[in-house]
Amino acid sequence: MEFITAQIDRSALLHNLKTIKEHVPDANIVAVVKADAYGHGLTAVTEALQDQVQAFAVARIGEAMKLRRNGITLPIFLLEGFYNEEDLQYISKYDLHTAVHSLFQIEAIEKAKLPKPVHVWLQVDVGMHRLGCVGPDEVEVLKERLNRSDNVIKPVGMISHLSVADTIGEEEYNNTQISTFFKNAESIDGELCLTNSAGI
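Residues numbered from 1 in each chain as written. Predicted model: local features only at pLDDT ≥ 70, side-chain atom pairs only at ≥ 80, totals over all residues. Heavy atoms only, no water.

Student: Tell me about the packing of helix H1 (residues 10-23) against helix H3 (residues 42-49), and please be specific about residues and values.
Tutor: One can describe the packing of H1 onto H3 by two numbers: an axis separation of 10 Å at closest approach and a directional angle of 50°. As the angle between them shows, H1 and H3 are arranged oblique. Considering how the two elements wind past one another, H1 and H3 form a crossing that is right-handed. For the pair H1 and H3, contact is made by Arg10, Leu13, Leu14 and Leu17 and by Val45, Glu47, Ala48 and Leu49, respectively. Split by residue class, the contact of H1 with H3 holds six nonpolar, no polar and two charged. (Axes fitted to C-alpha atoms, helices over the stretch in contact; angles between N-to-C directions. Helix = DSSP H or I, 4+ residues; strand = E, 2+ residues; numbered from the N terminus. Parallel < 35°, antiparallel > 145°, perpendicular 65-115°, else oblique. Left-handed = near helix turned anticlockwise from the far one by under 90°. Contact = heavy atoms within 4.5 Å. Nonpolar A, V, L, I, M, F, W, Y, C, P; charged D, E, K, R; others polar.)

Student: Go over the environment of Val32, please, and point to the residues and values.
Tutor: In this fold, Val32 is placed in strand E1 (residues 30-32). The class of Val32 is partly exposed, set by a relative accessible area of 34%. Those residues in contact with Val32, other than ones at most four positions away along the chain, are Tyr38, Ala57 and Leu79. (Buried < 20%, exposed > 50% of the residue type's maximum accessible area, 1.4 Å probe, protein only.)

Student: Could you give an account of the sheet that holds strand E4 (residues 97-100), with specific residues and numbers?
Tutor: Here seven strands make up an open sheet; going across it, the order is E1-E2-E3-E4-E5-E6-E7 and the pairing parallel. Where the open sheet ends on each side, the last strands, each with one partner, are E1 and strand E7 (192-193). Here four bridges tie E4 to strand E5 (residues 119-123), and the two strands are oriented parallel to one another. Along E5, the bridge assignment pairs Ala99 with Trp121. Sitting on the sheet, helix H7 (residues 136-148) is in contact with E5 and strand E6 (157-159), with an inclination near 170° to E5. (Pairing = 2+ DSSP bridges.)

Student: Kindly report on the packing of aromatic side chains, identifying the contributing residues and their values.
Tutor: Considering all chains together, one arrives at three aromatic pairs under this definition. Seen in terms of ring centroids, Phe82 and Phe104 are 6.3 Å apart; in terms of plane orientation they differ by 50°. Their pairing is tilted. In this pair, Phe82 is assigned in the loop between strand E3 (76-78) and helix H5 (87-93) and Phe104 in helix H6 (residues 103-111), connecting sequence segments 22 residues apart. What makes Phe82 buried here is its relative accessible area of 1%. Taking 5.3 Å as the distance between ring centres and 85° as the angle between the ring planes, the aromatic pair formed by Phe181 and Phe182 counts as edge-to-face. With relative accessibility at 46%, the residue Phe182 sits in the partly exposed group. (Phe/Tyr/Trp six-rings, centres within 6.5 Å; stacked < 30°, edge-to-face > 60°.)

Spelled out as structure tokens, the structure:
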């Protein structure tokens, strides 16, 4: 019986990252390594990239904690934020960056007793319709609540994701999403994070 194996080529990974940087030389790069770096090996991939990117992003808090235990000191984003109030203690302890996209999350941050404030990115929906607040008015209300909280490091950032950047013929919709993002970001004082690999 023959077994199928996948070989992860570190030099190819670094070459691909170098190519990305050539397309967006002025951008900070957040390497998304959720789901065991998409099956490529979380530890191996983050060790290869940690000196080449500005941050990592994961989907679950367990992944973020594993990165910290493995010695990763770069910022780590929780792309979906948190779903349990107890997670805020770990977000604070491990100095994680969390997306916030619901009133539940904001209320949890407001009432939490944390060892130190947390990094927060307001997640706005520009077309994926999976997570995020909608419209400049809602962004302003949620941002102001976060700004009033002593549990939040200021300024608050904003994050989103292009939904069809890899679909040929969707240039107009992609441009609409980009303009929607920047319209929502007019009142945001912190850093902005938009796009994905295909968007580059």
